[in-house]
Amino acid sequence: MVVQNRDKNPNFDLIQNYYNYLDSLQDEEGGPYKRTAVGQFVPSPLSHIKTAFDYLIETNTIDTTKPFLDAGSGDGRIIAISSLAYGIDSTGVEYDQELCKFSSANLDHLSKLCTPHKSGYIIEGDFTEDSTYSSKGMTFDTFFTVFNYINNESSIAHKIAQSSRPGTKFVLLGAFPIKHYYQLTLEKNLHLTRDEKDPDKILISDQPLSEDTWIDPFGTYLQVYRR
Ligand SMILES: C[S@@+](CC[C@H](N)C(=O)[O-])C[C@H]1O[C@@H](n2cnc3c(N)ncnc32)[C@H](O)[C@@H]1O
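Heads up: these notes are all about the structure in this document. (Residues numbered from 1 in each chain as written. Predicted model: local features only at pLDDT ≥ 70, side-chain atom pairs only at ≥ 80, totals over all residues.)

**Here's the deal with the overall build of the chain**
Defined as follows: Put simply, DSSP H or I for four residues or longer makes a helix, DSSP E for two residues or longer makes a strand, and each gets a number counted from the N terminus. For this measure, only C-alpha atoms enter the radius of gyration; the expected value for a globule follows 2.2 Å times N^0.38, where N is the number of residues. Partly exposed residues are those whose C-beta has more than 12 but fewer than 20 other C-beta atoms within 10 Å; with 20 or more the residue is buried, with 12 or fewer it is exposed, and the C-beta atoms are placed from the backbone.
Along the chain, the regular secondary structure elements total six helices and 12 strands. For a compact globule of 227 residues, the expected C-alpha radius of gyration is about 17 Å, and the chain comes in at 17 Å, within 12% of that figure. The principal-axis extents of the C-alpha atoms in the chain amount to approximately 45 × 45 × 35 Å. The buried share among the 227 residues of the chain stands at 38%.

Right, here's the structure in full:
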């Protein structure tokens, strides 16, 4: 099944234009990338994210009424999208102090420009440590959707398996599917591709894992695992 979602989302367009502009300022340095003390900052491709979020919300895979966590939130673009474009109560955790300040400033700025939305919030710290959440009066198990763009994904998968509530979704972008990730079960394996006729459009197809599922080694995949 291939789905094209063309729903208009003015807040999404505004946020995407904002981050495209920020990215363009770093063209001469090779792009908005950074090696951090714990990983690598590489921003998510936002057109892919819109198609994926539209699909995951439409199929009730992401519950927009429950708190969302971006584990390793970089410059805040996923949190801006989840909170300001999709109205989900959202928190990002980022280890890198500079990215943390930058992402909070981005969210402050964007929240003044976007019409009705939920708040997005960034915590500086290690997403594997309980103290990161308790320092802000939160607990890890309040998050019902946990997103990660392939960076220390195994440690966050392990934490979800150990500490999250049953039903919690782990949304992993950029990895290849496996049937079981610790005690997490693969629920969806989504393949995101550019439409050949209209390269601005991202198509999504659900490719459940079976013996004969072909995995494109150069493809962009997003998995949803369920605790
Ligand atoms: C690939 S980037 C993704 C950024 C953002 N989520 C996005 O999709 O645009 C991963 C980020 O995770 C951060 N990170 C990796 N491990 C972390 C950890 N244990 N605690 C907090 N942040 C971490 C890195 O510093 C980096 O900024």
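The rest of the description comes next.
**Let's talk about the site of the ligand**
The test is simple: Defining nearness, a residue is near a molecule or strand when the C-beta atom obtained from its backbone falls within 6 Å of it. Residue polarity is assigned by list, with Asp, Glu, Lys and Arg as charged and Ala, Val, Leu, Ile, Met, Phe, Trp, Tyr, Cys and Pro as nonpolar; anything else, Gly included, falls into the polar class.
Looking at the ligand, there are 25 residues lining it, with Thr36, Gly39, Ser44, Gly72 and Gly74 nearest. For the shell around the ligand, the class distribution of residues is 10 nonpolar, 10 polar and five charged.

**Digging into the environment of Asn151**
Relative to the helices and strands, Asn151 is located in the loop between strand 7 (145-149) and helix 6 (153-163). The class for Asn151 is partly exposed, based on 19 C-beta atoms found within 10 Å. Distance in space between the C-alpha atoms of Asn151 and Phe12 is 24 Å, their sequence separation being 139 residues.

**Observations concerning helix 6**
The condition is simple: Working note: the arc is built from the helix axis to C-beta atom directions.
Of the positions making up helix 6, those classed as buried are Glu153, Ile156, Ala157 and Ile160. Seen end-on, helix 6 carries its buried residues on one side only, within an arc spanning 105°. Exposed residues pointing more than 90 degrees away from the buried face of helix 6 are listed as Ser154 and Gln162.

**So, the packing of helix 2 (residues 46-58) against helix 3 (residues 77-85)**
Applicable threshold: Whenever a helix is involved, its axis is fitted only over the stretch in contact; in every case the axis is a line through C-alpha atoms, and angles between N-to-C directions fall within 0 to 180 degrees. Note on convention: near helix rotated counterclockwise from far helix by under a right angle means a left-handed crossing. Clockwise means right-handed. Two residues qualify as a contact pair if the distance between their C-beta atoms, derived from the backbone, is within 7 Å.
Between helix 2 and helix 3, whose axes approach to 11 Å, the crossing angle comes to 35°. At the point where helix 2 passes helix 3, the crossing takes the right-handed sense. Contact residues: Leu46, Ile49 and Phe53 in helix 2; Arg77, Ile78 and Ile81 in helix 3. Residue composition of the contact of helix 2 with helix 3, by class: five nonpolar, no polar and one charged.

**Things to note about the pairing of strand 10 (residues 184-194)**
The condition is simple: Only strands that DSSP links by at least two bridges are regarded as paired with each other.
In the sheet, strand 9 (residues 180-181) pairs with strand 10 via two bridges, with the strands oriented antiparallel. Of the residues in strand 10, the one forming a bridge with His180 is Thr185. In this structure, the hairpin formed by strand 9 and strand 10 is closed by a connection of two residues, where Tyr182 is found at a positive phi of approximately 50°. With seven bridges connecting them, strand 10 and strand 12 (residues 220-226) associate as antiparallel partners. Residue Leu192 lies in a different strand from strand 12, and its bridge partner there is Thr220. One ladder, built from five bridges, connects strand 10 with strand 11 (residues 202-206); its direction is antiparallel. By the bridge assignment for strand 11, Leu192 is matched with Ile204.

**Topic: helix 4 (residues 97-113)**
Filter applied, for reference: In a helix, the anticipated span is given by 1.5 Å times the number of residues less one.
For helix 4, with 17 residues, the first-to-last C-alpha span of 25 Å sits near the 24 Å given by 1.5 Å per residue. Burial in helix 4 covers these residues: Leu99, Cys100, Ser103, Asn106, Leu107 and Leu110. Relative to the axis of helix 4, the buried residues are bounded by an arc of 125° and lie together on one face. Turned more than 90 degrees away from the buried face of helix 4, the exposed residues are Gln97, Glu98, Asp108, His109 and Lys112. Where the residues of helix 4 are buried, they touch helix 1 (10-24), strand 3 (40-41), helix 3, strand 5 (90-94) and strand 6 (120-124).

**Notes on the packing of helix 3 against helix 4**
As a reminder, the rule being used: When describing relative orientation, an angle under 35 degrees is termed roughly parallel and one over 145 degrees roughly antiparallel, while 65 to 115 degrees is termed roughly perpendicular and anything else oblique.
As a packed pair, helix 3 and helix 4 sit with axes 10 Å apart at the nearest point and diverge in direction by 25°. Taken as axis vectors, helix 3 and helix 4 run roughly parallel relative to one another. The two elements helix 3 and helix 4 cross, and the hand of that crossing is right-handed. Contacts between helix 3 and helix 4 involve Ile79, Ala80 and Leu84 from the former and Asn106, Leu107, Leu110 and Ser111 from the latter. When the residues that make up the contact of helix 3 with helix 4 are grouped by side-chain class, the tally is five nonpolar, two polar and no charged.

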